[in-house]
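Below, each chain spelled out in residue letters.
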Amino acid sequence: TSGGAAGASIPVDGDSVYIGDGALGYTVTIPAGVNAAVGHVFIGSGTVTTSSSLTLGAATATLAISGNITINKPAGNAVNALLINAGSVTVAGNVTYAGTTTQNARVARITITTGSLDISGNLVFTTGSAQNNSLDMSGGAGTLILRGLWTATVGSLNSSATSTVKFISTLAQTIPSGVGNFNNIEINNSNASGVTLGGALTATTLKGNIVIGN
């Protein structure tokens, strides 16, 4: 429970997991070869000043979240992070960067290197600063799959030349503007309205290709 004592066993699907919700920050690693499954995940807290993180330790580490994941901006100059790296994470609900602080050094971050993040719900970062809502895909051929909506008014997407963002949905989706640099975009959307540009994609904000599927 939030702010309570740690559980006596490894979490399973349906459990809510709080990492660094008490007085201190914590680091948790899912080891190689482990296929973890939980209900909801909360990383860090808006009242804790130290960093907390959930890390996938290898390409063979996976995490299935049947609910939502919330990454809270810390109360001090620190970083609360979901470090997917080369692993894979699926989220049935929403991924939310939470907290209203606009201080750049109080960061909520997701890092994908060669792994993948598949979100069935929405990706939300609407408050804070461009620097403290961080989606880092600069480390390799990582993939972000979004099946819901990307609600973004402020944030930073840092992409590598081989990273890909996929908009795969039956909903009307929008590619947000002002959130950083896309490289490769793949669109496979069956909604009549398809995918709309929230703003112009220029040579600065789109450095790769757009592929439109069936």
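This write-up is about the structure you can find in this document. Residue indices follow the written sequence of each chain, beginning from 1 at its first position. Where totals are concerned, whole chains, interfaces and linings use all residues; where local detail is concerned, this predicted model gives features only for residues with pLDDT of at least 70, and gives and counts side-chain atom pairs only at 80 or more. With hydrogens and water excluded, all non-hydrogen atoms of the structure serve as input to the side-chain values.

Two strands are counted as paired when DSSP detects at least two bridges linking them. Each helix corresponds to a stretch of at least 4 residues labelled H or I by DSSP, and each strand to a stretch of at least 2 residues labelled E; elements are numbered beginning at the N terminus. Read from one edge of the open sheet, eight strands run β3-β6-β9-β12-β15-β18-β20-β22, paired in parallel fashion. Single-partner strands in this sheet number two, and they are β3 (35–38) and β22 (210–212). Taking the axes of each pair of neighbouring strands and ignoring which way they run, one obtains an average angle of 10° across the sheet. With four bridges connecting them, strand β15 (residues 143–146) and strand β18 (residues 164–169) associate as parallel partners. Within β18, the position partnered with Leu146 by the bridge is Phe167. Fitted lines through C-alpha atoms give the axes, limited to the stretch in contact for helices. The angle between two N-to-C directions lies from 0 to 180 degrees.

It is worth spelling out the pairing of strand β20 (residues 184–189) at this point. Bridge count for β18 against β20 is six bridges, and the pairing is parallel. Paired with Phe167 across the strands is Ile187, a residue of β20. As defined by bridge partners, β20 adjoins β22 across three bridges and the pair is classed as parallel. Opposite Ile185, over in β22, you have Ile210 as the bridge partner.

Once that is clear, we can look at the pattern of salt bridges. Within this document, salt bridges are pairs made up of a side-chain nitrogen of Lys or Arg and a carboxyl oxygen of Asp or Glu, the two lying within 4 Å of each other. Summed over all chains, the structure comprises two salt bridges. For the salt bridge of Asp118 with Arg147, the shortest nitrogen-to-oxygen distance reads 2.9 Å. Of this pair, Asp118 sits in strand β12 (residues 116–119) while Arg147 sits in the loop between β15 and β16 (150–152), and the two are 29 residues apart along the sequence. Buried, partly exposed and exposed residues are distinguished by accessible area as a fraction of the type maximum, computed with a 1.4 Å probe on protein chains only: under 20%, between the cut-offs, and over 50%, respectively. Residue Asp118 is classed as buried on the basis of its relative accessible area of 16%. In this structure, Lys166 and Glu186 form a salt bridge, with 3.9 Å as the shortest nitrogen-oxygen distance. Highlighted residues: Lys166 in strand β18 and Glu186 in strand β20, separated in sequence by 20 residues. Taking the relative accessible area as the measure of exposure, Lys166 reaches 21% and is therefore partly exposed.

Strand pairs in the sheet, formed through backbone hydrogen bonds, run parallel or antiparallel to each other. Strands sit in the order β2-β5-β8-β11-β14-β17 across an open sheet of six strands; the sheet is parallel. Single-partner strands in this sheet number two, and they are β2 (27–30) and β17 (156–159). Strand-to-strand twist of the sheet, defined as the mean angle between neighbouring strand axes without regard to direction, takes the value 10°.

Moving on, we get to the side chain of Thr55. In this fold, Thr55 is placed in strand β5 (residues 52–56). Whether two residues are in contact is decided by their heavy atoms: any pair within 4.5 Å suffices. Setting aside residues up to four positions removed in sequence, Thr55 forms contacts with Val28, Thr29, Ile30, Leu83 and Asn85.

Function cannot be inferred from these measures alone, as they are strictly geometric.
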